[in-house]
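Take a look at the letters that make up each chain.
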Amino acid sequence: MDVRRRPLPSSGDRLKTQKLKNTESQSLFPLYLTNALFFTLFFSVAYFLLHRWRDKIRTSIPLHVVTPAEIAAIVSLIASAVYLLGFFGVASRASLDELSDDEIILKEDSRAPGPCPAALVESSPAKAKQFPLQSCVDSLNVTEKTKISLSHKTLDRVAEEKEVPLRHKTVDSLATKELSIPLPLKTADVAGPISLSHEDEETVQAVLSGSVPSYSLESRLGDCRRAAAIRHEAVQRLTGRSLEGLPVAGFDYESILGQCCEMPIGFVQIPVGVAGPLLLDGEEYTVPMATTEGCLVASTNRGCKAIHVSGGASSALLRDGMTRAPVVRFPSAQRAAQLKFFLEDPLNFDSLAVVFNKSSRFARLQSIQCAIAGKNLYMRFRCSTGDAMGMNMVSKGVQNVLDFLQSDFPDMDVIGISGNFCSDKKAAAVNWIEGRGKSVVCEAVIKEDVVKKVLKTSVEALVELNMLKNLTGSAIAGALGGFNAHASNIVSAIYIATGQDPAQNVESSHCITMMEAVNDGKDLHISVTMPSVEVGTVGGGTQLASQSACLNLLGVKGANKESPGANSRLLATIIAGSVLAGELSLMSAIAAGQLVKSHMKYNRSSRDISKVAS
Ligand code: ADP
C-alpha cells in the first residue's frame, strides 16, 4: 500500500496538538456518561416521536399540529443529533491524526539503516564514496514499498547520520524525490494477538482433538499464515503455556514452506547490528551481525576501525569445495580396499566425475579421499558448488556415484549417505586439516600508533597474549581448530544475519589466529586462517527477505551470473576479515585489562531481572 507522508509537524506543533488533546479529554470528562446520556436521549425521543406520529396517522390528526411535549422532543432530538455527530466526527478525526503521528514516528525510526554501506544495492564501494548522499538514499531503496517524499529536514538528518555534507546541492535536487523505504511492521502486526475466526476456532479444536494433524494445516488451509496462527493457539492450549511475545503476524510463512521450517508457530526476533566499514582487499564492507550479545558488534567495529586506519586487510581463498562422505560395507576388508584403490586411481576420475557432475550444472567433482575401518569404506567426495553452500548438491552427486558403483561392486552395502567423515556440524580434525567449504586466510599489519590509540594496548602485549592464550592455552586445552579468541562469535552473528546454517558454526569457526611483531618490532602482523568456512548466497535461508537484505548490504546477494561461486567466495573472505577485526579487538581488550569492564557496561542489563523473571 502506498502511503504518502505528510509534512512533519514541528515539535512546537506536536506540543500544541498534545495540549489540545489533553484539554479536550479533561473538559469532556466523564465522556462515557455524557455519551450515554445523549444516546439515550436521542433514541428515546425518536421512539416517542415515531409513536406520536403513528397515533396521529391512525386518528387522522394532521402531523403539523404539535403539542408542547412534541416540540420539546423535536428540540431534544436535534440537540442530541448535533452532539453525537459533532462528537464522533471529532473523535474519528482525532484518531486519524493519532494514526498519522504514529506512522510518522515509525517512519522516522526506520530511517536509520546504519553507516553508509560500501556495497549498496549492487553499487560499487567506489561509487558509494563518490556520491555519499546518493548512495545513502539508494541504501533506503529496498523492497517493501511505501513511497514517501523526503523533506529537506529529513534528507539533512539522513546526511548527518551518514556523515556527509549538509544541504548539498544534490540534496536540493533530491528533495522531492520519491523513495521506497521499508516500513517497520506496525506494533500490532508484530506482537498483537491474532484474532481467530469462528472457522479457525473450529480448526483449533480439531487439532486439539487430534482429528486434524498439526503438520497438515498448511496443505489443508492453503494459507500458511492462518496455519501458523491456528497452530500457535493450539500449542498454547495444549501445553497450557503462554506464547505471548512470540509474534505470528509480520512474517512471510509462504517463503519458508517446504524449505526452511516445518510447523511454524511464529518467529523469533534477533537484532541486527552493523560493524564497519571493513576495508578488505581494497573494498569497504558494512558487516551485518545478528546477535543478542552486548559488546560484540561494538568490539568488531573497533577492530574494523583499527584495520581501516592501518590501510586495510587482505585475504586469499585457498580452497573451495563442499564434502560428503558416505559409508559402505563389504563382506571383507579386501573388497573394501579394492574399491578404495579403484576410486583413488587417477585413470577412473574422469568417468566418476561425469557421473557425479550430472547432479547440477554447478557441481564439479574435485577429489575422492578414502578411509577404511575394517570392512567399511568411507569415501570423502569434494566438489565445487557455485554460490550454494552445497550440501544438497554434493549429496545428489554422491548418490549418482553410489548408484553407478553398484553395478561393478554388487556386494557393496550402502550403510549411509553420510558416514561422518564429511564431517558436517561436528568438530573434526578432517575439516581442520583438509578443509571443508571455503578455506581462507586473512591478514593485516596494524601500525604501532593504531595499536596504542585505537586498541589501547601495545604490540608486545598482544603478541605475548596470543602466544600464551590462543596457541599455548588452546594446546593445553586439547583444542581442535580453536586456536583463536572468539571466531565463533563473529561467524555465528554473520551466519544468522545472512541466512547461513548456524549449526555449521562448529567447523566454520575453526581458526588459528597468529600475531607477530614486524617492521623492527614496531607494528603488529595479525592473521586468521580458517580452513572450513561453509557459506552460500543461494539456497536455504539465504532467500528469506531479511537475510537476503543483509547479503545485499554486502553486495553478495544471490547467484553471481558472470562467475558462479564468486559471491559465496567473497562472503567467506568477508567473514574471515570480520573475524580478524573481532580477534584484534577482543585480544586488545584482554591485553589492556578492559574486558570485564566493557562487558559490565554493554553486556549486563541494568534492569531488575527479578521483575522480568516469571
Ligand atoms: P545447497 O546445495 O547449498 O543445499 P540448494 O540445493 O538448496 O543448495 O540450492 C542450490 C540451488 O540453486 C540449485 O538448484 C542450483 O541449481 C541453484 N543455483 C542457481 N544459481 C546458482 C549458483 N550460482 N551457484 C549454485 N547454485 C545455483
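Values in this document were obtained by computation on a predicted structure and should not be read as measured data. (Residues numbered from 1 in each chain as written. Predicted model: local features only at pLDDT ≥ 70, side-chain atom pairs only at ≥ 80, totals over all residues. Heavy atoms only, no water.)

Chemist: How would you sum up the overall build of the chain? Please name residues and give values.
Modeler: Along the chain, the regular secondary structure elements total 24 helices and 13 strands. Counting every atom, the chain has about 31700 Å² of accessible surface; 59% of that belongs to carbon and sulfur. (Helix = DSSP H or I, 4+ residues; strand = E, 2+ residues; numbered from the N terminus. Areas by Shrake-Rupley, 256 points an atom, 1.4 Å probe, with all protein chains shown as cover.)

Chemist: So, the packing of aromatic side chains: which residues are in play, and what are the values?
Modeler: In this description, a pair of aromatic rings is defined by centroid distance and the angle of the planes. Summed over the entire model, instances satisfying the criterion amount to nine aromatic pairs. Geometrically, the ring pair formed by phenylalanine 39 and phenylalanine 43 is stacked, given 6.0 Å between the ring centres and 5° between the ring planes. A residue pair is termed a helical-turn pair when its members lie 3 or 4 positions apart in one helix, as phenylalanine 39 and phenylalanine 43 do in helix α2 (residues 31–59) at four residues. Each ring, one from phenylalanine 330 and one from phenylalanine 409, has its centre 6.2 Å from the other, and the planes form 75°; the classification is edge-to-face. Placement of phenylalanine 330 in the loop between β6 (327–329) and α13 (333–344) and of phenylalanine 409 in the loop between α15 (391–408) and β9 (413–416) is noted, with a sequence separation of 79 residues between them. Relative accessible area serves as the criterion here: at 6%, phenylalanine 409 is assigned to the buried category. Of the aromatic side chains, those joined through ring pairs into one cluster are Phe39, Phe42 and Phe43. (Phe/Tyr/Trp six-rings, centres within 6.5 Å; stacked < 30°, edge-to-face > 60°. Buried < 20%, exposed > 50% of the residue type's maximum accessible area, 1.4 Å probe, protein only.)

Chemist: Can you lay out the nonpolar core for me, pointing to particular residues and giving the numbers?
Modeler: Counting 52 residues, the largest nonpolar core has Met289, Ile446, Leu524, Ile575 and Val579 as its most contacted members. Looking at which element gives the most residues to this core, the answer is helix α22 (residues 566–591), with eleven residues. Other than its neighbours up to four places away in sequence, isoleucine 446 contacts Ala306, Ile307, Ser310, Val451, Leu455, Asp523, Leu524, Ile526 and Leu584. In this structure, Leu339, Ala353, Met393 and Val401 belong to the second largest nonpolar core, which totals 29 residues. (Core = buried A, V, L, I, M, F, W, Y, C linked by side-chain atoms within 4.5 Å. Contact = heavy atoms within 4.5 Å.)

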